[in-house]
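So you can see what is in the structure, the chains are spelled out below.
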Amino acid sequence: QGYGAQATAEVSPEGVVTGISLTNRGEGYVAAPRVQILGNGSGAEAVATIGVDGGVGTITVTNGGSGYLPIQWQGTQQATVLITTGIITNLQYR
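Residues numbered from 1 in each chain as written. Predicted model: local features only at pLDDT ≥ 70, side-chain atom pairs only at ≥ 80, totals over all residues. Heavy atoms only, no water.

Re the sheet that holds strand β6 (residues 80-84)
Right, so step 1: Overall, antiparallel pairing links the four strands, which are arranged β5-β4-β3-β6 in an open sheet. Either end of the sheet is taken by a strand with one partner, and the two such strands are β5 (56-66) and β6. Pairs of neighbouring strands in the sheet enclose a mean axial angle of 20°, with direction left out of account.
Right, so step 2: Across two bridges, strand β3 (residues 34-38) lies against strand β4 (residues 42-50) in antiparallel orientation. Looking at β4, one finds that R34 is bridged to V47. (Pairing = 2+ DSSP bridges. Helix = DSSP H or I, 4+ residues; strand = E, 2+ residues; numbered from the N terminus. Axes fitted to C-alpha atoms, helices over the stretch in contact; angles between N-to-C directions.)

As structure tokens, this is what we get:
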């Protein structure tokens with residue numbers, strides 16, 4: 001469930017992801033979406049929350065990783081944020 005959320009990564013000159021800025025909150029999320037940071041670096045992790053309206057509420061970087069690039073340069077890939085549908089686990093009906 002949910003679609004449309006988009007964000008950009010903020011990368012330090014040392015190649016560490018320091019933050020993520022939401023550019024589109026999306027809609028229809030019923031669980032926090034999965035956030036992935038793609039690019040030439042590794043190790044960056046982030047978690048998202050959903051707002052009461054079903055859009056992404058916040059994205060918090062939990063590990064900045066290393067080796068990421070703030071811009072695309074000579075065949076490299078800049079840090080890119082991928083937001084995919086959340087997964088509900090342990091749902092119980094009563």
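Here's the deal with the pairing of β3
Right, so step 1: Burial along β3 is one-sided: the residues V35 and I37 are buried and none of R34, Q36 and L38 is.
Right, so step 2: Linking β3 back to β4 in an antiparallel pair, the connection comprises three residues, with G39 at a positive phi of about 145°.
Right, so step 3: Across five bridges, β3 lies against β6 in antiparallel orientation. The residue bridging Q36 from the neighbouring strand is L82, located in β6. (Buried < 20%, exposed > 50% of the residue type's maximum accessible area, 1.4 Å probe, protein only.)

Considerations on the confidence of the model for the chain
Right, so step 1: Confidence along the chain averages 88 in pLDDT terms, with 87% of residues attaining 70 or more.
Right, so step 2: Mean pLDDT per element in the chain: β6 is the minimum at 92, and β5 is the maximum at 97. (pLDDT = per-residue confidence, 0-100.)

Let's talk about the pattern of salt bridges
Think of it this way: side chains of opposite charge can pair up when their charged atoms draw near.
Right, so step 1: Applying the stated rule across the entire model yields one salt bridge.
Right, so step 2: Between D53 and R25 there is a salt bridge; the shortest N-O distance is 2.9 Å. Of this pair, D53 sits in the loop between β4 and β5 while R25 sits in the loop between β2 (17-24) and β3, and the two are 28 residues apart along the sequence. (Salt bridge = Lys/Arg side-chain N within 4 Å of Asp/Glu carboxyl O.)

What to know about the nonpolar core
Right, so step 1: With 17 residues, the main nonpolar core has V17, I20, V35, I37, I59, Y68 and I83 as its most contacted residues.
Right, so step 2: Looking at which element gives the most residues to this core, the answer is β4, with three residues.
Right, so step 3: Here I83 is in contact with A5, Q6, A7, Y29, P33, R34 and I59, once residues within four sequence places are set aside. (Core = buried A, V, L, I, M, F, W, Y, C linked by side-chain atoms within 4.5 Å. Contact = heavy atoms within 4.5 Å.)

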